[in-house]
Amino acid sequence: MREVKISSHEMRRVLESAFQKYSFSKEQAKILANIHTESTLDGINSHGINRVPIFLDYVNKGLVKVDSIPTLIASMGSIERWEGNLGSGILNAITCTDRAILLAKEHGMGMVALRNTNHWMRGGTYGWRASEQGCISIMFTNTTPNMPAWGGKENRIGNNPLVISIPRKEGHVVLDMALSQFSFGKMENLDLKEEQLPFHGGWDTKNQLSKNPKDIIASGRALPIGYWKGSALSMVLDMLATLLSAGNSTYKIGQKSSETAISQVFLCVDPRVFSDSELQEKLVNEIIQYTHDVHPMKNGGATFYPGERTLATRAKNNKEGMQISAKIWEQVLSLAK
């Protein structure tokens, strides 16, 4: 795959122009450009720059409503239910994350359930956002069916991304994981580079486990993390997102021609209500140090806490520029003209 190096400033400028061309307001376009650029800056090209052409195709098809904003439909103290009105997944998720943070700071804990929204792109975006505001967060979304329930042949469950974040002075802890062994975005990115997966990531069209991303994408059947355990966790997260938002389940989403009108949950906790922030920091650092202080399995290897490598990648890309697919960048430039 031919690659080009782009600065974050240049990417933001081009993306802001592209989103405004597709009728987003200047303020909305700036937010969308920032989020896609930040994801790419953190090395998540699959849900950053690579997703822009797909997102704008959804706008063209009317699946993402440019003029829609999320609306509050039920409020019960620290718990709220919101309607996404099929608007931008990023803009809806930012609104609900910020609302959950405000509720947490008022009540100690806040939860917002969102229905009828669209793909939030990189889920970790909202975990980082909560951590920057001093909040612990647990967030998840359901998806279209793209994995078989364990023991089944046809797709019946989603890879339902799960985000858990913990604020920390020396670098926030942010877990951002799909419930497939590899996200489809990651597999598409490796396919662009003509690279294989390091481990089996799904089944090919002949029902054989495969490391070839192209074969897995063709079958549309990803492998759940932890096999039957990931399958069960996917079902439970789908149930929670559906029940709490009164929205669509993976079953209902799968009946649509495209992945849209999905359900999400944003839960935030303000740990400062316990008034022992120094102890909290000490305890988290103790766990991190214990996992760092180990002999690596391979020479030169190391262990990392969730989010640690993201911070290193961000610093490197800020300094040197971001390596991205030339093909994708040419598509984006064409969309911005």
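In case you missed it, the structure is sitting above this.
Below is a short write-up of the structure. (Residues numbered from 1 in each chain as written. Predicted model: local features only at pLDDT ≥ 70, side-chain atom pairs only at ≥ 80, totals over all residues. Heavy atoms only, no water.)

1. Describing the overall build of the protein
Counting its regular elements, the protein contains twelve helices and 14 strands. For a compact globule of 337 residues, the expected C-alpha radius of gyration is about 20 Å, and the protein comes in at 20 Å, within 12% of that figure. In terms of its C-alpha atoms, the protein occupies a principal-axis envelope of roughly 55 × 55 × 45 Å. Among the 337 residues that make up the protein, the fraction classed as buried is 50%. If you take every contact in the protein between residues at least 6 apart in sequence, the share linking residues at least 24 apart comes to 66%. Total accessible area on the protein stands at roughly 16,600 Å², and carbon and sulfur atoms take up 54% of it. Taken together, the 38 basic and 33 acidic charged side chains of the protein have centroids lying 4 Å from each other. (Helix = DSSP H or I, 4+ residues; strand = E, 2+ residues; numbered from the N terminus. Rg over C-alpha atoms; globule rule 2.2 N^0.38 Å. Buried < 20%, exposed > 50% of the residue type's maximum accessible area, 1.4 Å probe, protein only. Contact = heavy atoms within 4.5 Å. Areas by Shrake-Rupley, 256 points an atom, 1.4 Å probe, with all protein chains shown as cover. Lys, Arg positive; Asp, Glu negative; His and termini not counted. Charge placed at Lys NZ, Arg CZ, Asp CG, Glu CD.)

2. Concerning the pattern of salt bridges
Under the counting rule described, the total for this entry stands at 13 salt bridges. Across the pair Arg 99 and Glu 80 runs a salt bridge, and its minimum N-O distance is 2.8 Å. With Arg 99 in helix α4 (residues 89-107) and Glu 80 in strand β3 (residues 79-83), the pair connects residues that are 19 residues apart, well separated along the chain. (Salt bridge = Lys/Arg side-chain N within 4 Å of Asp/Glu carboxyl O.)

3. Description of unusual backbone geometry
Phi angles above zero are rare outside glycine, and Tyr 227 is one such case at about 55 degrees. Inspection of the secondary structure assignment puts Tyr 227 in the loop between β12 (221-222) and α8 (228-245). Residues other than glycine seldom take positive phi values, yet Ala 261 does so here, at roughly 60 degrees. Turning to its location among the elements, Ala 261 is positioned in the loop between α9 (250-253) and β13 (262-269). Of the residues examined, Ala 261 reaches a relative accessible area of 5% and is grouped as buried.

4. A few points about the state of the cysteines
Under the definition given, this model contains zero disulfides. Considering cysteine sulfurs only, Cys 268 is the nearest to Cys 96, which forms no disulfide, with 11 Å between them. Given a relative accessible area of 0%, Cys 96 falls into the buried group. With no disulfide of its own, Cys 268 lies closest to Cys 135 among cysteine sulfurs, the gap being 5.2 Å. (Disulfide = S-S within 2.5 Å.)

5. Structural notes on the packing of aromatic side chains
Two numbers describe a pair of aromatic rings. These are the distance of the centres and the angle of the planes. Counting across every chain of the model gives nine aromatic pairs. Residues Phe 24 and Phe 55 carry aromatic rings whose centres are separated by 5.8 Å and whose planes lie at 20 degrees to one another, so their mutual orientation is stacked. With Phe 24 in the loop between α1 (8-21) and α2 (26-41) and Phe 55 in helix α3 (residues 52-60), this residue pair connects regions lying 31 residues apart in the sequence. For the pair shown, Phe 24 and Phe 55 are each scored as buried. (Phe/Tyr/Trp six-rings, centres within 6.5 Å; stacked < 30°, edge-to-face > 60°.)

6. Details of the nonpolar core
Among the nonpolar cores identified, the biggest contains 50 residues, and Phe 19, Phe 24, Ile 49 and Phe 55 are the most heavily contacted of them. It is α4 that contributes the most residues to this core, nine residues altogether. For Phe 24, the contacting residues outside a window of four places in its chain are Phe 19, Ala 29, Leu 32, Phe 55, Val 59, Val 66, Ser 88 and Leu 91. Formed by 19 residues, the second largest nonpolar core is a distinct cluster that contains Met 187, Ile 225, Leu 237 and Ala 241. (Core = buried A, V, L, I, M, F, W, Y, C linked by side-chain atoms within 4.5 Å.)

7. Focus: a nonpolar patch on the surface
A cluster of nonpolar side chains, Met 235, Val 236, Met 239, Leu 240, Leu 243 and Leu 244, forms an exposed patch at the surface whose accessible area comes to about 520 Å². With respect to the helices and strands, Val 236 occurs in helix α8. Look at Val 236 and you get partly exposed, because its relative accessible area is 41%. (Patch = residues over 30% accessible without salt bridge, like charges linked within 9 Å, V, L, I, M, F, W, Y side chains within 5 Å.)

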